[in-house]
Each structure stands twice: as C-alpha cells, then as structure tokens.
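# Reading the structure
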4 protein chains.
Amino acid sequence: MAFRKVKMGMVGGGQGAFIGEVHRLAAALDNQVELVCGAFSSDYENTKTTGAALGLSEERLYTSYKEMMVAESKLPANERMDFVSIVTPNHLHYPVAVAALEAGFHVLSDKPATATSDEARQLDAIVESTGLLFGLTHTYLGYPMIWQARHLVQTGALGKVRKVYVEYPQGWLSKDEESGGSKQAAWRTDPAKSGISGCMGDIGTHAHNMAEFVSCEKVTELCSELSTFVKGRRLDDDGAALLRFENGATGVLMASQVCAGEENNLKVRVYGEKGGLEWQQEDENSLVVKWLEQPKQTYKAGAGNIGLCDIASNMCRTPGGHPEGYLEAFANLYRNFAKAITAGESKQATGVPGIKDGVRGMAFVDAIVESSSADSVWTKIKI
Amino acid sequence: MAFRKVKMGMVGGGQGAFIGEVHRLAAALDNQVELVCGAFSSDYENTKTTGAALGLSEERLYTSYKEMMVAESKLPANERMDFVSIVTPNHLHYPVAVAALEAGFHVLSDKPATATSDEARQLDAIVESTGLLFGLTHTYLGYPMIWQARHLVQTGALGKVRKVYVEYPQGWLSKDEESGGSKQAAWRTDPAKSGISGCMGDIGTHAHNMAEFVSCEKVTELCSELSTFVKGRRLDDDGAALLRFENGATGVLMASQVCAGEENNLKVRVYGEKGGLEWQQEDENSLVVKWLEQPKQTYKAGAGNIGLCDIASNMCRTPGGHPEGYLEAFANLYRNFAKAITAGESKQATGVPGIKDGVRGMAFVDAIVESSSADSVWTKIKI
Amino acid sequence: MAFRKVKMGMVGGGQGAFIGEVHRLAAALDNQVELVCGAFSSDYENTKTTGAALGLSEERLYTSYKEMMVAESKLPANERMDFVSIVTPNHLHYPVAVAALEAGFHVLSDKPATATSDEARQLDAIVESTGLLFGLTHTYLGYPMIWQARHLVQTGALGKVRKVYVEYPQGWLSKDEESGGSKQAAWRTDPAKSGISGCMGDIGTHAHNMAEFVSCEKVTELCSELSTFVKGRRLDDDGAALLRFENGATGVLMASQVCAGEENNLKVRVYGEKGGLEWQQEDENSLVVKWLEQPKQTYKAGAGNIGLCDIASNMCRTPGGHPEGYLEAFANLYRNFAKAITAGESKQATGVPGIKDGVRGMAFVDAIVESSSADSVWTKIKI
Amino acid sequence: MAFRKVKMGMVGGGQGAFIGEVHRLAAALDNQVELVCGAFSSDYENTKTTGAALGLSEERLYTSYKEMMVAESKLPANERMDFVSIVTPNHLHYPVAVAALEAGFHVLSDKPATATSDEARQLDAIVESTGLLFGLTHTYLGYPMIWQARHLVQTGALGKVRKVYVEYPQGWLSKDEESGGSKQAAWRTDPAKSGISGCMGDIGTHAHNMAEFVSCEKVTELCSELSTFVKGRRLDDDGAALLRFENGATGVLMASQVCAGEENNLKVRVYGEKGGLEWQQEDENSLVVKWLEQPKQTYKAGAGNIGLCDIASNMCRTPGGHPEGYLEAFANLYRNFAKAITAGESKQATGVPGIKDGVRGMAFVDAIVESSSADSVWTKIKI
C-alpha cells in the first residue's frame, strides 16, 4: 500500500498564540501528518502571515472556520483535509468541532472539550451520530511512563488502590499578566472565553484526567475550595479538592497558577495496598515505584527498555537514556490519531483521549466550582 | 564557671519502645545532658533491665513516675534530676508532666502534649503558674533548614504568603500491624492510649506544626476527611484537610500511614508572591527556593555555610557536605532545652516548641476530627 | 519572500539502522527541512522499502550515493536536494561527503567526521576549497543548557577554568552483542567500519567535544588507558584519560560501553576559580551551578526563561517546565543548518559543529589510542 | 554483667581544631564511651579551657601526650583510660600511637595512619607485637550503605567487577586560605605536618580506601597527575589517577580541593558484568543499583529495612526515613571499637579499619606522588 500522510487543517494557532505551534511541531515530528490548510485567526492578515510562514498556499488559507469546512468539503477526496485540529481558546472548541463533524471531518481538539458541560454532552451525541473520530489532546497521556504507571495498577502489581494525590502547580499567573499584555493570560482569565473556571478549567482538568487514567478509578464526588489571589482577576487562579473514588479510594487534587517559581510541575501519586507509584512531568522519563516489601524501583523510558509494558515501550522513539519530552508526548497523540484515521477507526481513537473524557472533564469543572461556591460541600460529579 | 551537665530523668522508653532510645541518643550527642534516673516501664523488671544496660545505679530506677518525683525531690540539689523527659504513649503525657511540674521539675515531653485538648489547656495553666520550662519535641523543628525556611518568610524574601502545602505520607500501617505484635502499632491505634485520632494525632500534628512554623501564619479553620483503610483498626490511619490561614493564605494538609512504600516523607512547601520554598525531611540538608524572577536556588546546611541565617548555621555541628540527620535535629532540641535550664529561662525554652504549641496541636486534632465527622464542614480551630 | 523548505537527501538510514531515523525525526520537527531523496542502503530492496515507508517517489530512490549525486545534480535547482545527510557507519562518512561536496551539495554528517585523521584533514581542505557548508551532528551541542553553560564560562562568571571532568558511561555493550545479531554493535566493533577505536571513536569523541565546548579551552595532551572487557571484541569498549588544557587547566575523560546498567549518562563538569557547573544528558533541562560564595543555583531550560542567555533561550520551543529532549537537541542542529543554507552561509554553519571540530575529534582519537598503546605516556593532540 | 562505658583519652582536639569535636560527638552518641582525660593541645592553656568546657577534672588534663601515657598508666585499672583517640595533625599520629601502644593502651587514630609509609609499616609491627587494638577512622566506612554496597559485590550480585570510579571533589581550598588564618588549611598545606601530599593525603586516601572496600578488589598500580592550583601552596591541592586492580578491573580516582562550590562530594561507582552501584556521601542513605536486565533499584538505610544485609541494617539507629548522617557514621566506628575492647579483640577491631588499611593508604600516597613526579608513569603500590 502506498504511503499517504494524513492531511490536517487547523483552526486557531495564529501568531501570538502558544499552543497552535506546539500542535504543529507535534504533528510534524513523525512524518505522518501534513498541514494542508488553516483558519488560524479571526484576523485574516494574521492567518495569511501564519500560513505563508508555514509554506501553505494562499487558497488553503481561510477567513473563517466555517469557510474552511465548506471549501475543503468541495475538494477532491485525495486533496482535502482529513481532520481538523482545534487550537482556539475554549469557547470556540464546541462550535468549530460541530462544524467540522457536520462537514464530515474528524476532529482533534485541544482541551477542555468545550466551554460548558452541556456543550460537551451535545458534542458527545454528535460524535456518536456521525461516527467520526473525536480526539482530545490531554497531552500528558502521551507520555510513555503514564501508560507504564497505568499498567502497574491495571495488572494489580500495587494491589487495590487506596490513595491518589495529584497536583499541578504553576506560577505564571502570580501577577496580573492579563492587564500586562499577555494574550495567553487574557483569554484564560476571561469567563467569556475560558468558561466558568480559570485554573481548574485550564490545568485542574489535566490533573483530574491524569488521576483517573493512572489510578484506573473514577472520581465520584469532591469537596473543594477555589481562590483568586490576584486582585481584579475574574476567574479562580488556584484551588484544591478532597476526592472520593468509586472503589472507596480517597485523594487530593491541587492546582494553582500562583505558586510563584513553579513551571509545569504536574505530579501524580497512586498508592495501593502493596506499594505506590510517583511520576512528575518535569522528570518525565522516570517512574518511581516504592514497594512495601521490596526496594524502591525506577522504570525508565526507552524503546525496548526492560520492564516496560509494550504500549509504553512503543511510545518511545529512541533507546533509553536519550530523553524524550513534551513534544514527543504530544506527537504520540497525533501519531495515534493519524493511525486511527488510516485504520478507519470510529468515534474513539486508540491511545487518544476522546469525547467521553471531555464530558468527564467538564463535569469535574462543574462540580469543583459548585462545591467551592457552596462552602465546600461534598458534590457529586454528574456525567 | 564550672561545667555542669544537665541531669535528666526519663519516664517511658523501656525495652520494646522506640522513641525513648531516640531521646537518649539525642540527649547524649552534645555532652550537655546526663541521664541519671528513670521509670522506664510500668513493668519494673523492664525498668531494671533498661537501666542496667544504660549504666544507671539501681537506686535511681523507680517503680513508677510518681515514686520518681518523690524520691528525686528528696535528693540534694546537685544530685537530683533537673528535668523529666516524657517518652510514654500519649495518654500518660499529661499526668506525668503534671506530676513533674508540681514536684518542681522542668519537663521535655514527646508530642502530642497530651491526649486531649482540655488536658493541654490545663497543662498550659500549670506551666504558667509554676514558671517551669515545658518543652515539646516536635523533632522536625530541630532541623536547621526549617529555621532557614522560616527566616526567608519572616524577612519577606518570598513576599506575602499565599499557599501552604504540607504532607506526611508513611506506609508502615498499611497492614494490620497492631494484631501482628507491633507494640508501636498497638498503642498508636488504641483510642485509650492515643486519643481521638490515630494518624492525625501522631503525624498530622507534625505536619500542622511545620506548616505554621515555616509559613509564620496560623491555621484558623479547616475542612477535612479522615479514613480508616485497614479493616478493624479503631482510629483513622489517613486523612487530608483544606486549610485557611489567618492572613488569607490557603493550603492543604495530607497525612497518611497507609501510603505503602513511604517511610517518613514529610514535606512542606510555602509560596509567596515572589517565590516558593520546599523542604523534605528525607533530604533534610537542602532547602530549595524557586523564584518568580531569578533562577532556582538551593541552600545547604553546614556550619558557617553561605547564605544561612545565624540560627540555622549555629544548629549545624559540621561544615557543609557532611550530612546531619534526624538525631542531630532531635539533639538540637535537647541542647536548646539544656541551655535554657542553665540560663534560668522560664516556661518556654528558646528554640524549643512549648506548651502553647501543644495547645495548638491538640486544637488542630479536635478540629480535624470534628470536621471529618460532620461531612467535612469548615471547622474553626479553637484555642 | 515565499517560504521554502530546505531539501534533504539521505545516505544510510535504511531499515535496521538506528541513527538514520533519529535524523529524519529531527529534520522533520520544525517543518524547515523536507526529505526528497535517499540512498538508504547498499541493498536497494532496503532502500526501496525504506523510501516507500517515508512516502518518497521511487525515482528519487538511488542504488548508490554516487548515483544519487549524479542524478540529483541534473535536476532543476528548485527540485534537487540542497544538502546530503550522512548517516552511514563511520568508514563511509568520508567518501560520501567528498562525493556530495564535489557535486556541489552541502553536507550534514553524523560524527565522527571520518574514519581517520588523514581523511578529516583532507575533508577540511575540500570544504575550504568548495566553500560549501559542512556540519557535524555532535548532538549534545544541540541542548540549550550546554550553550548556557558555555555562556557562563565565556562571560567569566566562573572565573578562570581549572578543572574539567567529562564522562560518558554506557552499558549496552556489556555482553558480546556483536555476535548476537545486533547490527549496531556489529559495525561499531569492526575496525574496518568504525576506525581505530570503538568506544572512544563512538562516544569518547562526544565527551571530548563537550569538554572543549563548555570549558572554552582546548585539550593539548592526554595520558590514557583503553580496555576491551568483552572477550573477542576487536576494539576498545572502555577507557579513560587524564587531560591537559591549553590554559593550564587539567581534567579527566571517562567513556565506557561496559558500565552495565547505564544508558547514555553523559555528564560534564567545569570548575573555575569562583564556582563550578554541572550538566547531565539524562537531566537535560537543568544546569546546576555551585558557587564558592553564594548558594547553589539551577538554571532551567525554557523559551524566555529567566537567567538564560539569548542563544539558549532561543533553542527552546516551549516555555519552561515542558521538557524538550534528545530529538529537539538534534532538531536544533538541523534547524540551524537549514537556516545557514537559506542565509547563504559558507563552510561553517552558525550553531552547528563543523569540519574543524571533526578534525579535532579525529586527532583526539589518534592521541588516545597512541597514548594507551605506549603505556599511557603523555601524548599531544596533533591538529 | 554490669554495664561499663569504655574510657577514652584524647590527644589533640583543642579549641580551633575541627575533627576533635567531631570525634567527641561521635564517641558520645551511643553512650558507650566516656571521655576521661586529654592532652588537647601543645598549649596547656588551650588544653585546660577545652577540658573545662568538657567537664573534665583538671588532674586528668595533661601538658603532653607523653605525660598522659605515664600518668594514666599509674591509675587503677578501673579508672584509667582504655584507649587513646588521636586527632592531631598527621605528623603526630605516629609518635602518639607508638607512645600509647607501648604504654598498653589501645589506639583509635584519625587518618592517615602516619605521615610516611615507613612509619606506617613500623606501626604495623608494633601493633602486631603488642596485640593491642589499632583503629583508623576512615569515617565513610561507618555509613551503612557502604556495607550494603560491599555486600552486593561480595555476594556476586553485580558479577565480576570491571570498573571502579571514585571521586572526592571539595572546594574549600580554592583560595589561599592558609595565609588567611585558617588553622585547618595551614597544617594541611604544610609538608612538615601533613606529609608528602596535601589533597591526596587528606582526601585521596578516603577515596582509595572507599574504592577498595566497596569493590572488594585491591589497586595494584596507578598512573597519576597531581597539581597545585593556588599560587604559593606547598602541596598538591588536586589530582587524578588511572587505576589498575588485582582482578583486571580498571578505574579512575579523582580528588580535588579546588573544585569551587563543592563541599564533600565523595562518590563511588562500581560496575560489574551484571550491573553497577552508586553511592554519594551527600545522599548518604541511598544506594542506587542500575541493572543490565532489570529496572533500577534504590536501597534505603533504616533499621530493619527490606533488602539490607544484617550488617548494614544493624548500623542504623532509626527506622527508614529518618536520616542518619556523618556523625552517626563516625559513631559507628566508635561503637564498634568500644565493642571490640569490651569483647577483648586484638589488633583489628571488627567493623573498624585497622593498621593494614593504614599501610595501604600510605603506600597509595607514595605511589600517586611518585607517578606524578615521573610524568605519570605507571607505578606499583608497594605494600
């Protein structure tokens, strides 16, 4: 069979944006995906400049995502895009995804899936009805050691899970950056673009997703307090929650954007009856396992590395000791998504979080905001 | 002035106990304290064996702490003990301390100060009225880097404190050790000896004390959930709480004895407007400071080490790079207590936690148990 | 100006090879380079399979590098490759590079530059006479923190350099892998393909290059002992050398492929009069600086990170805390090389090691083998 | 049997000295040793002040070590000292040790054993003829994880040893401290007091001793270069050597006192056919083992900790997670020495380095100086 790169269109990611470029680097890495068109900005000049710098021909640069869906649909099957990568602020995730799906294109969207829970549930229904693929770039699930961690829990090596601690401290919003000209800060602290939560929507969702993925357990209810430390800020920039899991485990989730000095210090710990595991995003290639009855072990990422499960091993491009990082993790999601398209998978791409995860994430945000507003009363996560 | 070691009597710490021996090692290290008598156990045979192994003469080995107070009082001033070290299970802390103070002896007690809040407040009144010294061995305050951490907060280097995370995961009670013959586990999980809380009374109090000491802020209220994971256990073996501090900071406290694989992984983090600091008991000689606007720094313990405040520097016995640990931390409390006796200090020894800290600790335990019982309602810490 | 990707042809890197795929991933990452043709293997079937999997059209797949040079030369300027990436075993580096340069193509070659010192010097002359670009993928110079380290030395922050320690322990040749079917092990231990040294040619050259780059000083002479630990192996698999530098500094270089359990634990340390720095490839995003008269600092990689020099900062694609690794380091060399082509640079591409480094590397190998053969007599590195 | 502390006399360790106080703290820790007399300084006023601060009675403070030997010999057996602790500068180790042994006292001496090789050999003969105990405080052998490391090698877990790397970088002599009033620096850089080597005699001997102890192999010959970086200094302050071991293993030893920013960063690594181990003095309670065919393990110190050999476990005073450090390591040597006296051992105390180690250490210093003087020619270590 002749090799064929999967064709990608992109909405968002014009100059001044951050995550769009990350998506493009990730998509490029493995030579499996080709960017063919874009509506990078609501400002068409920005779209043109961005597109030119990327080597796209001008006829594939669109003034709006709507125009893009229409125009691409009309192209011959072997020319038009296969999927849309959505890298806009949160409030546009839903309308763009709907437009793409309805035009027959698969969707790979930045997280959170939508701006509200209602939208997430509707999107779920649309994905269901179209049968098209919907992927959500919860980047941190692209790290091989996360799959190794999950593998240890799933195979029972740690025993029944009792405790889950997950934390994501950042410090970049320690000051009023939104008034200082940071485009990133501006939309993330604007309820109209970000949704009902700032910190929890942005990084709390990563932490929640990670906790459930690694522990193989679902959070059922929580008790939380959110705070806004920077004067004038319109959304929470910090918070924490006590967690209860379906199997009786309990846990704690902490996320903050005002932990001055921190970068992206996401960390997850899961303890079972026989031992506990620990992973940190800033030391991404190590997985520490502390055992009750044997010395501590450290698994290391690396293609073919000893002790790794097949999935984790296959997610590594280089042998051990040559670190792979954030872009490779991101690229793993793109590679899996491209593979799913080529393989003709439907709705949920193997190895990529999907709309069901998106629905869970939005329900988590609802619950954490609701609990905090009600003086930290225990609040169920309603799916 | 002629050198004179301070004379110590000990209650508790017979064979089979753990913390008594630690106290003795700590007391011995600096050659400032001399053990002269003891009532090591309710079993006099144990007391005799213990005393003989320590080289004590039999007439200074007592059948009970009451007998010890009476007998020692009758000895000439230059022979009798100067202070009593209390290393019994929790429920005996109060009666022994009262007996010692009333007999005119200073007291250095293991924590928690007492088994109940009421006892703690009464003890406070007795210390106040006798004017004698009362010290509490919150060991972790004996580490030099903790004082350096506090120094950075106190001098404003971190800016106004916003966040405090403190955690103390242990794993040694992951199984039903109390039925398995562990004397340590047995009394710690027995409400009659331990008080109303297991994990929180034992190590949660350390975490609470540490959080307040380093942040220079008081916890005013909390919202908590305690759990008992091991079947049949009569007290909590795990828990967490959201915290509110007097100055508006918020925080999280986690303590557990069922984090399988953990040893004594006490860790405290404090973030202010300009940066955050981080200290772990298992890496005791380093203090990491992450700054918002300069590269990360690591202070290292060591006598005369650059960048250390005087107190921290003076707590080190050796130049940098020759690690000092838990026993040295403990010994710092003993050294300070001996110095306070020699200097004729009253009620509160410089550099040693006192009865006020004990009262706060017991009030913390009350609040965390009360909140957990009331479905995690926010509960004030009542001093 | 219209965007134009730089066109790459590749020699070597067929199925079963390792480093070729790494080069392709690195070249792809930044969307600046396009693979257009290849002679991936001496086995044309392999070349065809490899090319097909990469989506190349069959007319750009060549039976030999010689055919490739001829055929590509005849293509229109805007179609033919701009440069040749050489990823063969060592003995082919020289003939392929010469053929490419003589046909008018720039060359980016895996290291070492050639199989012998003579070849390296001749290649230097050819680069000089053609004026074409020649780059050498000493990957580890693609890490941003290496440039930050060099910056600290260059700006005098550490004072005059006194000591340089560099080490590269690996463990993958602890057993007789070459007899066990490993293609990688087979050619690396074969003098006909690898040159006069195994371990030192392969990874000792990385260590030597790193030592000189970071310290800003040249090694002038050395005293060494090489060993072969695995029975039957035909080249050294281990060695160490004492080093003397031009400015009077001294140092030690260690490299081994039989340090069982190690992966790619390259580490460099440079000490000056005022402080020392330390960097490890497996913790690539941190640079530790220990000062004589201030607390230890840790610089962290990240676009725009505080304290980084411009070059280091610009080598990062993501803000701090999102780790970049080996492929990004490699990609930095490709990106710089592509930029140099576009900018019309000659001979030496900015930010990419060149033929002069290649000559130094080969002279280092000569000296280390010579010294070891002469019972570790001090031996000058002859450029 | 009645408990009886072992009685210690001390030579050296007056005010202004460093290591004497460390010995006293170490001796005190376990309540097994009692300081009863001293000749702390050649300045009797210093001796009196020191003795008074230690609570010694004046009649047990001597004007010279000779006087001490004579006077103590005349005391009743149950009053006089059992052994002499020698904590003087190097040149006095020999005469004091000889005087003590000839007067019938056991000796525990700071390292190196003597100032010259000849003295060491003579001392060996005297120990042999008297049958008294002679111990050498190679402190770092008092760390439990060093014995665990040796245990792994001895039991064959790592396979045949191939490589040994040992290093001891310090930075405290980066400047001309000896002219600046540092008493420590003054004698250590004075050939009359220190012997023929500065850095190698002081800390190179520690490194050499550690390398042989952990690897269970003897260094047979070496090839070295020593340097003096600080102008005017009279002895080496830095050096390195290539090593050959009896079993065919090779290695590298590095020691320096001008690695600005370093404290006491002693590190040893031993690689066998199946894996390698790694221990650092500044992270003293961890022993990392990297395996060829299983995930990395980390053993942690702690009484009763899983995976530890009995000796290592028994060297710990507290359960895991409560760090023990340098003083506890030192105290382990004192405790073992006291136990050997009580048990009536002869010549070599169990668990304490002895005169044979001292002879090896001095021979190592001779060889490393000789090789360096002869342009790094391979030089045998002559015992």
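Residues numbered from 1 in each chain as written. Chains lettered and ligands numbered in written order. Predicted model: local features only at pLDDT ≥ 70, side-chain atom pairs only at ≥ 80, totals over all residues. Heavy atoms only, no water.

The name that an unreviewed UniProt entry assigns to chain A is Gfo/Idh/MocA family oxidoreductase, with the source organism given as Thalassotalea psychrophila.

One key point about sheets: their strands pair by backbone hydrogen bonds, in either a parallel or an antiparallel sense. Residues and elements named next belong to chain D. Taken in spatial order, the five strands of this open sheet run β2-β1-β3-β4-β5, and their pairing is parallel. Of all strands in the sheet, those with a lone pairing partner are β2 (33-39) and β5 (134-136), marking the two edges. Strand after strand, the sheet turns through a mean of 25° between neighbouring axes, direction not considered. In the sheet, strand β1 (residues 6-11) pairs with strand β3 (residues 83-86) via four bridges, with the strands oriented parallel. The residue of β3 that forms the bridge with V11 is I86. Helix-sheet contacts for helix α1 (residues 19-29) involve β1, β2 and β3, and the interaxial angle to β1 is about 175°. (Pairing = 2+ DSSP bridges. Helix = DSSP H or I, 4+ residues; strand = E, 2+ residues; numbered from the N terminus. Axes fitted to C-alpha atoms, helices over the stretch in contact; angles between N-to-C directions. Contact = heavy atoms within 4.5 Å.)

The next point concerns the UniProt feature "domain: Gfo/Idh/MocA-like oxidoreductase N-terminal" (unreviewed entry) in chain A. UniProt's entry tags residues 7-136 of chain A with the feature "domain: Gfo/Idh/MocA-like oxidoreductase N-terminal" (unreviewed entry), counted in the numbering of this structure. Helix makes up 42% of residues 7-136 of chain A and strand makes up 18%, while its end C-alpha atoms are separated by 18 Å. (UniProt positions renumbered as here; feature names shortened; annotations may be inferred.)

In this section: the domain arrangement of chain A. All names here are of chain A. Domain assignment breaks chain A into domain 1 (6-140 + 347-353) and domain 2 (143-321 + 362-373). Computed from C-alpha atoms alone, the centre-to-centre distance between domain 1 and domain 2 is 26 Å. Facing 21 residues of domain 1, the contacting portion of domain 2 comprises 24 residues. Of the roughly 1800 Å² buried where domain 1 meets domain 2, counting both sides, 55% is carbon and sulfur surface. Area buried by domain 1 at its contact with domain 2 is led by K111, H138 and Y140, which between them contribute 38% of it. Scanning the region where domain 1 abuts domain 2 turns up two salt bridges. Put simply, D30 and R317 hold a salt bridge, and the shortest N to O gap is 2.8 Å. Counting every contact that joins domain 1 to domain 2 gives 11 residue pairs in polar contact (both at pLDDT 80 or more). In terms of residue class, the side of domain 1 that touches domain 2 is made up of eight nonpolar, 11 polar and two charged. (Domains from an automatic or database assignment. Buried area = accessible area lost by both parts, 1.4 Å probe. Salt bridge = Lys/Arg side-chain N within 4 Å of Asp/Glu carboxyl O. Polar contact = N/O pair within 3.5 Å; in protein donor to acceptor, adjacent residues only side chain to side chain. Nonpolar A, V, L, I, M, F, W, Y, C, P; charged D, E, K, R; others polar.)

A word on the interface of chain B and chain A. Listed by partner, the interface residues are 47 residues for chain B and 47 residues for chain A. With both chains or domains summed, chain B and chain A bury close to 3500 Å², and 53% of this area falls on carbon and sulfur atoms. For the salt bridge of D238(B) with K163(A), the shortest nitrogen-to-oxygen distance reads 2.9 Å. Our count for the chain B to chain A interface comes out at 19 residue pairs in polar contact (both at pLDDT 80 or more). Those elements that place two or more of their residues in the side of chain B that touches chain A are β6 (161-169), β7 (219-227), β8 (238-245), β9 (250-256), β10 (267-272), β11 (275-280) and β12 (286-291) of chain B.

Attention shifts here to helix α2 (residues 44-53) of chain B. Residues and elements named next belong to chain B. Within α2, burial applies to N46, T47, T50 and G51. Across the axial projection of α2, the buried residues extend over an arc of 125°, all falling on one side. Where α2 is buried, its residues contact α1 (19-29) and β2 (33-39). For α2, the side-chain oxygen to backbone nitrogen distance between the N-cap and E45 is 3.0 Å, and the N-cap itself is D43. Backbone geometry just downstream of α2 places G55 in the positive-phi region, at approximately 80°. (Buried < 20%, exposed > 50% of the residue type's maximum accessible area, 1.4 Å probe, protein only. Arc of directions from axis to C-beta.)

Looking now at the pairing of strand β9 (residues 250-256) of chain C. All names here are of chain C. Of all seven residues that make up β9, seven are buried, and the element is covered over most of its length. Burial along β9 is two-sided: T250, V252, M254 and S256 and G251, L253 and A255, pointing in opposite directions, are all buried. Bridge analysis of strand β6 (residues 161-169) against β9 gives seven bridges, and the strand direction is parallel. Directly across from Y165, in β9, lies its bridge partner V252. Where strand β8 (residues 238-245) meets β9, seven bridges bridge the pair, whose relative direction is antiparallel.

Moving on, we come to the sheet that holds strand β4 (residues 106-109) of chain B. Residues and elements named next belong to chain B. Within the open sheet, the five strands sit side by side as β2-β1-β3-β4-β5. Their pairing is parallel. Strands with a single pairing partner mark the edges of an open sheet, and in this sheet they are β2 and β5 (134-136). Between one strand axis and the next, the sheet turns through 25° on average, direction left out of account. Bridge count for strand β3 (residues 83-86) against β4 is four bridges, and the pairing is parallel.

Turning our attention to the packing of aromatic side chains. Following the criterion strictly, the structure yields 40 aromatic pairs over all chains and no others. Ring geometry for Y143(B) against W279(B): centres 5.2 Å apart, planes inclined by 55°, an arrangement best described as tilted. Placement of Y143(B) in the loop between β5 and α6 (144-154) and of W279(B) in strand β11 is noted, with a sequence separation of 136 residues between them. For the pair shown, Y143(B) and W279(B) are each scored as buried. Stacked on the ring of W378(A), the Lys or Arg R244(A) has its end atom at 3.5 Å from the ring centre. (Phe/Tyr/Trp six-rings, centres within 6.5 Å; stacked < 30°, edge-to-face > 60°. Lys NZ or Arg CZ within 6 Å of the ring centre and 35° of its normal.)

Another point: the UniProt feature "domain: GFO/IDH/MocA-like oxidoreductase" (unreviewed entry) in chain A. The sites that UniProt annotates as "domain: GFO/IDH/MocA-like oxidoreductase" (unreviewed entry) are residues 148-278 of chain A. Annotation note: span residues 148-278 of chain A, helix share 26%, strand share 33%, distance between end C-alpha atoms 11 Å.

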